[in-house]
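Okay, here's what each chain looks like letter by letter:
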Amino acid sequence: AAEEAGANCIVVACPMCQGNLDSRQREMLPAGPEASPLPVLYFTQLMALAFGCSSRQAGLHRLLVDPRPWLRRAGVL
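Remember, it's a predicted structure, so these values are computed and weren't measured experimentally.

J.: Describe the state of the cysteines, listing the residues and the values that go with them.
T.: Taken as a whole and judged by the stated rule, the model has zero disulfides. The closest cysteine sulfur to the non-disulfide-bonded cysteine 17 is located on cysteine 14, 3.3 Å from its own sulfur. Assessed through its relative accessible area of 36%, cysteine 17 is described here as partly exposed. Left unpaired, cysteine 53 is separated from the closest cysteine sulfur, that of cysteine 9, by 18 Å. Taking the relative accessible area as the measure of exposure, cysteine 53 reaches 32% and is therefore partly exposed.

J.: Give a detailed account of the pattern of salt bridges, specifying residues and quantitative values.
T.: All chains considered together, the criterion is met by one salt bridge. Among the ionic pairs, aspartate 66 bridges to arginine 68, the shortest N-O distance being 2.8 Å. What makes arginine 68 partly exposed here is its relative accessible area of 22%.

The rules behind these values
- Residues numbered from 1 in each chain as written.
- Predicted model: local features only at pLDDT ≥ 70, side-chain atom pairs only at ≥ 80, totals over all residues.
- Heavy atoms only, no water.
- Disulfide = S-S within 2.5 Å.
- Buried < 20%, exposed > 50% of the residue type's maximum accessible area, 1.4 Å probe, protein only.
- Salt bridge = Lys/Arg side-chain N within 4 Å of Asp/Glu carboxyl O.

Quick look at the structure:
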């Protein structure tokens, strides 16, 4: 539903929600080549980037769905 609404990523305030959505959304995706998971970020990771931290310091390398390609396209990285 988020992708259908035009979302590029999902940002959450709950660390448990971040972990659940990041790890389980592949199971929820419909089969087919157009299906792709959305990056799920904890809001403090975006705050870290805004404050000048590197993507590694923000922990983006630990996420299962890599948000870095999207963040590069968006001009954040």
